[in-house]
Amino acid sequence: MKNSGKRSGGLFLAKILISIICVTCLAGVVMGEDIYAQFAAVPDSGPAPLNVTFVDQSEGNATHYRWDLDGDGSWETDASDNPNPSYTYTTAGTYGVCMTVWNGTLVTSNSTGEVRVFEPVLGDLSANFAASPRSGYSPLNVSFIDQSVGALSWNWTFDINTTSSDSEMNDQNPVHTYTSPGWYTVVLNVSDNYSAADGRSVELPQENFIHVLPVRLPQPDFVASPQSGTTNLTVVFTDQTPVSSEFFGNLSPDQWHYSYVWDFGDDSENYATNEPSAVHTYTAKGSYNVSVNVTGPGGSNIATKNEYIAVDTPSAPIADFTASPSNGTAPLTVNFIGLAEGTGHLTYLWDFGDNSTSISGRNPVHVYSSPGSYNVSLEVSDGSKTGSVIKNNSVFVYEPAPLSAMFTATPRNGTAPLQVSFIDQSYSETPLTYNWSFGDGSLINHDKNPVHIYAEEGVYSVMLQVKGGNTSNVINQSNFITVEKPALQKADFTAVPVEGPVPLIVSFVDQSSGTGPFTYLWDFGDGSGQVKDKNPSHTYETPGIYAVNETVNSSAGSVLVTKESLINATIAIESRPVYANFSAVATRGVAPFNVQFMDLSSGPVAAWKWTFGDGNTVTEQGPNHTYVNPGVYDVTLDVFNKSGVSNTTYNPRFITALSPTVTTKITLVYADLSNRKKIQFFDNSEGVGINSWLWDFGDETDQSTVQNPCHEFVSNGTFPIKLSISNGYASDSNTFYIKIK
């Protein structure tokens, strides 16, 4: 497109200081702030009908606009004061375009150009389309993709059984939402003009093209523990209803939750809850039917288990115990734990089988001083009935084993410098001291599990001496560690920018690979001397074309990389600043997480450098980058104009690549040793990006969403502590039991 004042980049510019003649209008100029009228036509040529958008690119504070878009010598009334009008040329020809701008104080400026319109060429016309997804649960959002040839207008019928007036039916690539289950036939009618009545048209129906699936009813199931016992039996019921997309449709996994109504079968009121578990205490003897009514997006369904819970009156206490450790060398200290089942206050009487005096207490500690096999018995009484158990050979005590030195290491081979972790595997009944010799002339090390760095290549023998009491033992493993020279696999580098006006600031980035370590020597080709940095920055002060050399040195040798005519430093033409800014389509997702970055920088940006925080950099304008590993990453963008002027923006913790799974883990301590009902809970869950916590303390108090809550129980008892966590993609929950007394 021709213009009366082309400044740069296809822009139309006219700076009027005295007077301007445009179309048939004379515009006088009042001296004051300058205005520079300029515009771009997109496109500026093409076949009819040609729709052109005119983009205002004027400089100065213009407030009013006039346009003659068809060259007929008159202003377009519908484009008055519109900085960016559009116009459709229906007839072939060359059209003069005039733009006048002013700022309300009679300071004006004009710019002219032309648009060329060719005769339309009729080509093939065919209808075709695709869609994604073509099946799924309602509501189903389907993106239709036009694949027609020669089409200029589109008319979609998304369901041939209904009359539609959807706003998207004339879009080229519409998105339609199906709300009811069923099979749908889709029809596309295309024409080669803007309305089917003025041109050729073709229609393509595709039968049963979209399938919307119904959401299924829940399939309730549950388990209980325990299922039998004596009166005052506390039972934990756990829901096992299947959870998947066929029961929840298009809801995200963090919204996959049922609601429940439990009937425990003992004349108690039904229990309604949104939690997948329930706790109930049976106080009377009987056989009970249990049912649960589960409600989800697809409706409600009931599961019943007849005679599922059996409750009897208490019998004599059932005596049982554990011993830990159950074997070892003399003298052996054993912790006994009583596991009796019974009601009321229980008393314990122990016989440890070594002719020692019987003692009472639920969890005694006993020391066996002599080797042998011991039978242990326990009597448990509730005051009226007594139960007993004898476990023969439940504790075995043997003579102490002799001292034996042993170790392993990882890794056992690699390139220098090689860091090796040594792991002691010695056996002894008494505390040990250690003397390590690593075979490379280094000092003796006395750690149990030392870490040693081999700086030079070679094959090394390792010796370990252990001492316990009055005895010692030595093991020497010959040729145990192999260290090789490091290898330089590849030497390379990049530079950004490689062209621009002086002073041109260029950032060089080494991309060599190998085991290293490396040293570097750079020659920038302009006689400025050599630099030893890994990733140097250099300023070219004089215009010219420069070759750049990088020498990479390692213990394996040196490699020279030369890039001829790499840098083109031109005469300075750009002084306007640039301002770095960016965003991303999504900043939080599951690893591997693919992120589309969007450059929002302003000013005459000519080059970009992205640093993604995971060790990777690129020089594209709007890169697409995949974070392979879960983690939280900082992102930096450097932008440059053609003169090398740069600007940087840094967004810490900008990207969160979630772990695909999370695992619930907790620890707890007494918050106050004088009040053992006050417990401090700590979330030790595993996974990246966890941002949601829900604690249920099992005592009918309010739940907590704090990550590490402190909770005070008002009564004694055993409480189910449930923690549910989520990072927005994966979730997990687990129930732990705590006894308060």
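Residues numbered from 1 in each chain as written. Predicted model: local features only at pLDDT ≥ 70, side-chain atom pairs only at ≥ 80, totals over all residues. Heavy atoms only, no water.

Time to look at the layout of surface pockets. By volume, the largest pocket is sized at about 1,500 Å³. Around the largest pocket, the lining is made up of 46 residues, and of these Asn 274, Glu 275, Pro 276, Ser 277 and Lys 722 lie nearest the centre. Broken down by secondary-structure element, the contributors of at least two residues to the lining of the largest pocket are strand 21 (233-239), strand 23 (271-273), strand 24 (277-282), strand 62 (692-696), strand 64 (717-726) and strand 65 (731-740). Residue composition of the lining of the largest pocket, grouped by class: 18 nonpolar, 20 polar and 8 charged. There is about 950 Å³ of room inside the second largest pocket. Around the second largest pocket sit 24 residues that line it, and Asn 232, Leu 233, Thr 234, Glu 341 and Gly 342 are the ones nearest its centre. (1 Å grid on protein atoms, 1.4 Å probe; cavity = no way out; pocket = protein on both sides within 12 Å on 5 of 7 lines; lining within 4 Å. Points joined across faces, edges and corners; volume = space filled by probe spheres on them. Helix = DSSP H or I, 4+ residues; strand = E, 2+ residues; numbered from the N terminus. Nonpolar A, V, L, I, M, F, W, Y, C, P; charged D, E, K, R; others polar.)

Before going further, it helps to spend a moment on the pattern of salt bridges. Two side chains with opposite charge may pair up if their charged atoms get near one another. Per the stated rule, a full pass over the model turns up 8 salt bridges. With a shortest N-O distance of 2.9 Å, Glu 275 and Lys 722 are connected by a salt bridge. Here the residue Glu 275 occupies a position in the loop between strand 23 and strand 24, and Lys 722 occupies one in strand 64, the gap between them amounting to 447 residues. Each member of the pair, Glu 275 together with Lys 722, is buried. Salt-bridge contacts for Lys 563 lead to Asp 492; the nearest nitrogen and oxygen are separated by 3.2 Å. Placement of Lys 563 in strand 51 (residues 557-570) and of Asp 492 in the loop between strand 42 (488-490) and strand 43 (493-496) is noted, with a sequence separation of 71 residues between them. Overall, the relative accessible area of 19% leaves Asp 492 in the buried class. (Salt bridge = Lys/Arg side-chain N within 4 Å of Asp/Glu carboxyl O. Buried < 20%, exposed > 50% of the residue type's maximum accessible area, 1.4 Å probe, protein only.)

Strand order in the open sheet formed by 3 strands is 52-54-57, with antiparallel pairing between adjacent strands. Two strands lie at the open edges of the sheet, namely strand 52 (582-584) and strand 57 (624-627), each paired on one side alone. Strand-to-strand twist of the sheet, defined as the mean angle between neighbouring strand axes without regard to direction, takes the value 30°. Bridge analysis of strand 52 against strand 54 (residues 593-599) gives 3 bridges, and the strand direction is antiparallel. Pairing of Ser 583 across the sheet is with Met 598, part of strand 54. (Pairing = 2+ DSSP bridges. Axes fitted to C-alpha atoms, helices over the stretch in contact; angles between N-to-C directions.)

Residues of strand 16 (residues 175-178) alternate between two faces, with His 176 and Tyr 178 buried on one and Val 175 and Thr 177 left unburied on the opposite face. Sheet analysis places strand 14 (residues 140-146) next to strand 16, joined by 4 bridges and oriented antiparallel. Within the sheet, the bridge partner assigned to Asn 141 lies in strand 16 and is Thr 177.

Here we take up a nonpolar patch on the surface. There is a patch of nonpolar side chains on the surface, built from Val 585, Met 598 and Leu 600 and spanning about 270 Å² of accessible area. Among the secondary structure elements, Val 585 is positioned in the loop between strand 52 and strand 53 (588-590). For Val 585, a relative accessible area of 58% translates into the label exposed. (Patch = residues over 30% accessible without salt bridge, like charges linked within 9 Å, V, L, I, M, F, W, Y side chains within 5 Å. Areas by Shrake-Rupley, 256 points an atom, 1.4 Å probe, with all protein chains shown as cover.)

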